[in-house]
Amino acid sequence: MARNVGDEEMTLGMLSAEKANGLDEEAQRHTDDEGDVDGQTANSTQDKPKLETDLRNLFFDDGKRRIDFILAWTIDHKRPETARQARQVFEENLIKEGLELEYDTRGRDVNFVKVHAPFDVLKRYADILKLRMPMKMILAEQHMKEKYSDWEEDDFGLIVNRTRTSNNNVASKTPLPSVGARLWNNTIQLVRKFMVPFHYDETVLPTVSRSYSCPYSSSREYLFEIPENKDEYFSKAIRSWIVDYILRRQSFNVSNSKTFSFGIKKMLSDGFYSAAYPLHEGHWKAGSANNARKVLFDHWANWTNCLKFQPIDYIRFYFGEKIALYFAWLGFYTLMLVPATVVGLAVFFYGLGIMSTNIASKELCDPHNNITMCPLCDARCPYWKLSDACSHAKASRIFDNGATVFFAIFMSLWGTLFLEFWKRKEATIQYKWDLTTFVQEEEPPRPEYLSKLENWQIFKMNPVTGIQEPHLPFWKRRFPIFLASYSIMLFLAAIAVTAVIGVIAYRVSMLAALQLIPQHVSSNSTVVATTAGLIYENASLVTTVTAALINLAIIIILNVIYGHLAFWLTDWECLRTQSEYDNSITIKLFALQFVNYFCSIFYIAFFKGQFVGRPGKYRTIFGGRQEECEAGGCLIELCIQLAIIMVGKQLIQNNFIEIVVPKLIKLVKRKCSKETREQKLAKTPWEKDYILAPAESMSLFYEYLEMVLQFGFLTIFCAAFPLAPLFALLNNIVEIRVDANKFTTHLRRPLAEKSANIGIWYSVLYGISRIAIISNAFIIALTSEFIPRLVYTSRYSPDESLSGYINFTMAYFNTSDFAPSDRPKDIHLGVISMCRYKDFRNPPWEDPEYRRSTAFWHVLAARLAFVVVFENVVVVITSLISWLIPDVPTILKEQIHREAYITNEIVLKTELRRAQGEDLNSLGGAHLSDENLRYSPHHSEDIELKKRSPSTGKSKSGSQIYI
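Residues numbered from 1 in each chain as written. Predicted model: local features only at pLDDT ≥ 70, side-chain atom pairs only at ≥ 80, totals over all residues. Heavy atoms only, no water.

As named in an unreviewed UniProt entry, the protein is Anoctamin, taken from Biomphalaria glabrata. Entered under Sequence similarities (unreviewed entry) in the UniProt record, the comment concerning the protein runs "Belongs to the anoctamin family." (UniProt positions renumbered as here; feature names shortened; annotations may be inferred.)

Below you can see the structure in the form of structure tokens.
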């Protein structure tokens, strides 16, 4: 049966009769840390399932009027009379608007105002705001049965014509689908069967389908499915959203001297109220009676659901479109990581397979080649054997091989496909949630903006609202502040660069110190000698890992500083609306954190070892030699740096702070609390929700920022770390449940805000995907050994193999050309007349000596050619993919036009029948039966959640919910 929006929330709250009736006495008496069901007993009944909303006190004292919003206030000791008068005026205006208020002032520190919106008020604002509400399905059946008699839903919920009419009007069956179509359909069916174990329980959360809707009109109520109990018509999310709409527009000043003394946000900012929030539907802990909140916790936020899909429609019913859209995006992003993870693992295992069999690695590790390398530092460092870098070179081959190029191209295409498919998914969500025509309302000025400009003398009329608002001249006031703000941002970015330079200095000195171990460690202890030898052999690895850990600690510290300064700078800019403020803080925090996280990685990828010089003539910075890459190349160092920063960020900053810290805080609060069990039980729902953390407007901002930075790690440096998608996938599986748990258990119920898309974050993701193409091209060309190996095998190798490649990449240096002050003092390898270093230069016996060799220019030309070809080919392919994949599915476009046409036809024909005097109320609330459902060109795009039976077209639970 079709149900309206209010019915889905009843389903969400009910679960099933068995669960609600099965609460035994022990479960009914269950008490958690915050108290149980607000001092009431969960009595079961045999007639119908008892809901938590019946058990928890979510109503006025009369037990009939539902609490839609809570306003909390404490006594303002600084200006008590001003606050009291402001609240009095504000509440009087709310009553004039039609809202009903009830007070809870029982002498506690916090007092509460309960707000109820009667049906007439909700109906009036639904008409004003043109909210789209479900229409009676019986009207669609009566008007469209004849026209669409040959149309029905397929297994995906899409409307298809099962017959075709020939020229002589004789119905003929549709021709058999092509082999390709059958193969595609079979593949889809196979994938859907494979996904069955990952679906949530549809017997508890039935599939939600879309019904026809149109803007609500109080003069055309006969078009809409209004139940007997009219309070159930508007969902709880819509009720709270309408109440908030009213709260944001009521004045709290008697006189008109202060034009901007209005709105609940301004009252919260001024301290007249301490909180404003809708109530949670019930309790979430085990043993509590069934309610919408508990259902979401049990079947979404609980850790047992880590590998399950999310009930996005039910998240939307409870939290609203904006939060549900975030979880839909995060779930889609996580799902898209699966193929990237599979390919990344394949590339990694391929690297493991060739690690020991690679000819170049064998040559480097062979001690019989007797290649003596030049010292890694001046004077103090000794000569060393190339075979000492064997383990480093083998590890480098895991990530530096031919598969790297393939993986870089794949990830570039993956990034484009992810964004294109998300646009299609987003379009489907917009249609299903009636957001295709959603337009953000004109935003009022921010309360902080008005407070700062309370005594401002310059005003300008808002062209939309016609209200005189404080105006800041651009050139005299805004431009100097913006200039100073972004100058400070450049300075903050320079601090991150300075920190990287400090880490570089640590690496240089640490590596030089570890090279001196054989000289200074002389012990009879086998353990000490073995440990010292192990550290000496892996000096580069030890230096890289410790430097990366130090860098991670600096990054975390700078992130905290950057967060506070970014908000301070944005507040200083005094931006008018919340959207302007959010966009500005997004740009600042993303830019600063991007520089902070990626600065050291960019250095290793593109600068380390590129401008070192040569023995006897090294280029120095502040009197010290620059870092140079190991014999195995810099790619393994880039991989280690990337892995430690990415995984460390996820473990420390994401999981530890979001999982462990809240539990520790809760544990401390519990130990310090002196409340008895009776005191907890006596608390009202609004008191329990008040002590929860507020759901601030910036809550989702940090979640998006976290994921966008992760997307940067995945795509910008994917050529260096093919395991990045795996770690991202594991992190996101945990992240979804952490965020879900936070919203359902730790935060007050957020306002059910509407949003049609993910906002500015899509543009940020697109920009990162473009940067990634350039970045990976240069990583493969400059950092990896792919191009030199390719040049050697194609031009210099006699048998087109890598035999002799190590000797090809090593230049000669005559040790007599060392300056006396730079000549190594340690000669434990004996007298060395000739040492080697990694570069393409002429040997000392050729004229001109030590100049760039012909091979260098060949390799350089090949590198530049590869960058140009790679960038252009990938850009062309990704652009072609973007062009070929429409932003909105074709069948969805047709469905949108069809629904607009059908809705218009329904309204016109129904109005005609009404004009002819027909009693439309006699239609009642009848719905389409399953048998006649095929006559209505109904559409559901929720393919991921649907698992239909081919014969009946029903969901697995045998029921559907229509919105």
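Caption draft 1: Up close: the overall build of the protein. Counting its secondary structure elements, the protein contains 32 helices and 22 strands. Taken across its 963 residues, the protein has 53% of its residues classed as buried. Across the protein, the fraction of contacts at a sequence separation of at least 24, relative to all contacts at a separation of at least 6, is 78%. For the protein, the accessible surface area stands at approximately 43800 Å², while carbon and sulfur atoms represent 60% of it. (Helix = DSSP H or I, 4+ residues; strand = E, 2+ residues; numbered from the N terminus. Buried < 20%, exposed > 50% of the residue type's maximum accessible area, 1.4 Å probe, protein only. Contact = heavy atoms within 4.5 Å. Areas by Shrake-Rupley, 256 points an atom, 1.4 Å probe, with all protein chains shown as cover.)

Caption draft 2: Looking closely at the packing of helix α28 (residues 760–783) against helix α31 (residues 854–884). Their axes nearest at 9 Å, the elements α28 and α31 cross at an angle of 150°. Judged by the angle between their axes, α28 and α31 are roughly antiparallel. Relative to α31, α28 is oriented so that their crossing is right-handed. When α28 is examined against α31, the residues Arg770, Ile773, Ile774, Asn776, Ala777, Phe778, Ile780, Ala781 and Leu782 are found in contact with a partner set consisting of Arg863, Phe866, Val867, Phe870, Glu871, Val874, Val875, Thr878 and Ser879. (Axes fitted to C-alpha atoms, helices over the stretch in contact; angles between N-to-C directions. Parallel < 35°, antiparallel > 145°, perpendicular 65-115°, else oblique. Left-handed = near helix turned anticlockwise from the far one by under 90°.)

Caption draft 3: Here's a closer look at the pattern of salt bridges. In total, this model carries 26 salt bridges according to the counting rule given. Between Lys114 and Glu102 there is a salt bridge, and its shortest N-O distance comes to 2.8 Å. Here Glu102 lies in strand β2 (residues 100–104) and Lys114 lies in strand β3 (residues 110–116), a separation of 12 residues in the sequence. You'll find Lys114 and Glu102 in the same group, each marked buried. (Salt bridge = Lys/Arg side-chain N within 4 Å of Asp/Glu carboxyl O.)

Caption draft 4: Representation of empty space enclosed by the protein in the model. In total, this model carries eight cavities of 30 Å³ or more according to the counting rule given. Its volume calculated, the largest cavity comes out at about 80 Å³. Along the wall of the largest cavity there are 14 residues; nearest its centre are Asp68, Lys236, Ser240, Pro278 and Arg749. With four residues, the top contributor of residues to the lining of the largest cavity is helix α9 (residues 236–247). Here the lining of the largest cavity is composed, by residue class, of seven nonpolar, one polar and six charged. (1 Å grid on protein atoms, 1.4 Å probe; cavity = no way out; pocket = protein on both sides within 12 Å on 5 of 7 lines; lining within 4 Å. Points joined across faces, edges and corners; volume = space filled by probe spheres on them. Nonpolar A, V, L, I, M, F, W, Y, C, P; charged D, E, K, R; others polar.)

Caption draft 5: Fine view of helix α5 (residues 80–97). Taking 1.5 Å per residue, 18 residues should reach 26 Å; α5 reaches 26 Å between its end C-alpha atoms and fits that length. If you check which residues of α5 are buried, you get Ala83, Ala86, Arg87, Val89, Phe90, Glu91, Asn93, Leu94 and Glu97. Buried residues along α5 sit in contact with β1 (69–74), β2, β3, α6 (119–129), α9 and α10 (264–270). Gly98 sits one or two positions beyond α5 and adopts a positive phi of about 110°. (Expected span 1.5 Å × (residues − 1).)

Caption draft 6: Structural context of the sheet that holds β2. Read from one edge to the other, the open sheet built from four strands follows the order β2-β3-β1-β11, with strand pairing classed as antiparallel. Looking along the sheet, the strands with just one partner apiece sit at the ends: β2 and β11 (275–277). Ignoring which end each strand starts from, the neighbouring axes of this sheet average 20° apart. Across the face of the sheet, α9 comes into contact with β1 and β3 while running at roughly 45° to β1. (Pairing = 2+ DSSP bridges.)

Caption draft 7: Up close: the environment of Asn776. Among the structural elements, Asn776 can be located in helix α28. Asn776 sits in the buried class, given a relative accessible area of 0%. A C-alpha to C-alpha distance of 9.9 Å links Asn776 and Phe407, two positions 369 residues apart in sequence. Of note is the side chain of Asn776, whose polar atom sits 2.7 Å from the backbone oxygen of Thr715. At a separation of 3.5 Å, a polar atom in the side chain of Asn776 contacts the main-chain amide nitrogen of Cys718. (Polar contact = N/O pair within 3.5 Å; in protein donor to acceptor, adjacent residues only side chain to side chain.)

Caption draft 8: Spotlight on the state of the cysteines. Under the counting rule described, the total for this entry stands at two disulfides. Across a sulfur-sulfur distance of 2.0 Å, Cys365 and Cys390 are joined as a disulfide pair. Note on the Cys365 and Cys390 pair: the S-S dihedral is about 95°, so by sign convention the disulfide is right-handed. Residue Cys365 is found in helix α14 (residues 359–365), and its partner Cys390 is found in helix α15 (residues 390–399); the two are separated by 25 residues along the sequence. For Cys390, a relative accessible area of 16% puts it in the buried group. The side chain of Cys374 participates in a disulfide bridge whose partner is Cys835; the two sulfur atoms lie 2.0 Å from each other. For the disulfide bridge between Cys374 and Cys835, the dihedral angle about the S-S bond is near 80°, and by the sign convention the bridge is right-handed. Of this pair, Cys374 sits in the loop between β12 (372–373) and β13 (384–385) while Cys835 is found in strand β21 (residues 834–838), placing the two residues 461 residues apart along the sequence. (Disulfide = S-S within 2.5 Å.)

Caption draft 9: Up close: the environment of Leu638. The residue Leu638 is located in helix α23 (residues 635–672) in this model. Along the chain, Leu638 and Phe606 lie 32 residues apart, while their C-alpha atoms are 9.9 Å from each other. Leave out the neighbours within four places in its chain, and Leu638 touches Ile601, Ile604, Ala605, Ala720, Ile779 and Thr783.

Caption draft 10: Representation of the packing of aromatic side chains in the model. One pass over the full model with this rule turns up 58 aromatic pairs. Summarising the aromatic geometry, the rings of Phe332 and Phe418 are spaced 6.0 Å apart at their centres and angled 20° between planes, so their arrangement reads as stacked. Pair noted here: Phe332 is in helix α13 (residues 321–354) and Phe418 is in helix α16 (residues 402–432), with a separation of 86 residues, a long-range link. Overall, Phe418 belongs to the buried group, its relative accessible area being 0%. Relative to Phe711, the ring of Tyr333 lies with its centre 6.4 Å away and its plane at 65°, an arrangement referred to as edge-to-face. One end of the pair, Tyr333, is in helix α13; the other, Phe711, is in helix α26 (residues 699–716), and 378 residues separate them in sequence. Taking relative accessible area as the criterion, Tyr333 reaches 0% and is therefore assigned buried. Above the plane of the ring of Trp73 lies Arg87, whose end atom (NZ or CZ) is 3.9 Å from the centre. The ring of Tyr245 carries the charged tip of Arg249 above its face, separated from the ring centre by 3.8 Å. (Phe/Tyr/Trp six-rings, centres within 6.5 Å; stacked < 30°, edge-to-face > 60°. Lys NZ or Arg CZ within 6 Å of the ring centre and 35° of its normal.)

Caption draft 11: Geometry of helix α27 (residues 724–746). Its 23 residues give α27 an end-to-end C-alpha distance of 30 Å, which sits within 8% of 33 Å, the value for a rise of 1.5 Å per residue. Of all 23 residues making up α27, 17 are buried, and the element is well covered by its neighbours.

Caption draft 12: Layout of the nonpolar core. Residues Trp329, Tyr333, Trp414, Phe418, Trp422, Phe717 and Ile758 are the most contacted members of the largest nonpolar core, which totals 152 residues. Ranked by residues supplied to this core, first place goes to α13 with 16 residues. Ignoring anything within four residues of it in the chain, the contact list for Phe717 reads Phe598, Ile601, Phe602, Ala605, Phe606, Leu642, Gly712, Ser775, Asn776 and Ile779. Counting 44 residues, the second-largest nonpolar core is a separate cluster that includes Leu71, Trp73, Tyr245 and Ile264. (Core = buried A, V, L, I, M, F, W, Y, C linked by side-chain atoms within 4.5 Å.)

Caption draft 13: Inspection of the UniProt feature "transmembrane region" (unreviewed entry) in the protein at higher detail. Within this numbering scheme, the UniProt entry marks residues 323–352, 403–422, 481–505, 548–569, 589–607, 708–730, 760–782 and 860–885 as carrying the feature "transmembrane region" (unreviewed entry). In residues 403–422, the share of helix is 100% and the share of strand is 0%. The end C-alpha atoms are 28 Å apart. The span residues 860–885 shows a helical share of 96% and a strand share of 0%, and its end C-alpha atoms are spaced 37 Å apart.

Caption draft 14: Representation of the packing of helix α22 (residues 578–606) against α26 within the structure. Packing of α22 against α26 leaves a shortest axis separation of 11 Å and a crossing angle of 35°. Crossing of α22 against α26: the hand is right-handed. Side by side, α22 and α26 meet where Ile585, Thr586, Leu589, Phe590, Gln593, Phe594, Tyr597, Phe598, Ile601 and Phe602 of the first sit next to Phe701, Tyr702, Leu705, Val708, Leu709, Gly712, Phe713 and Ile716 of the second. Classifying every residue of the contact of α22 with α26 gives 15 nonpolar, three polar and no charged.

Caption draft 15: Representation of unusual backbone geometry in the model. Cis geometry is found at the peptide bond from Asp847 to Pro848, where omega equals 0°. Tracing the sequence through the fold places Pro848 in the loop between β21 and α31. Positive phi, normally seen in glycine, also occurs at Asn370, with a value near 50°. Inspection of the secondary structure puts Asn370 in the loop between α14 and β12. Phi angles above zero are rare outside glycine, and Asp434 is one such case at about 60°.

Caption draft 16: Local environment of a nonpolar patch on the surface. A cluster of nonpolar residues, Phe656, Ile657, Val660, Leu664 and Leu667, forms a patch on the protein surface that exposes about 400 Å² of accessible area. With respect to the helices, strands and loops of the structure, Leu664 is situated in helix α23. (Patch = residues over 30% accessible without salt bridge, like charges linked within 9 Å, V, L, I, M, F, W, Y side chains within 5 Å.)

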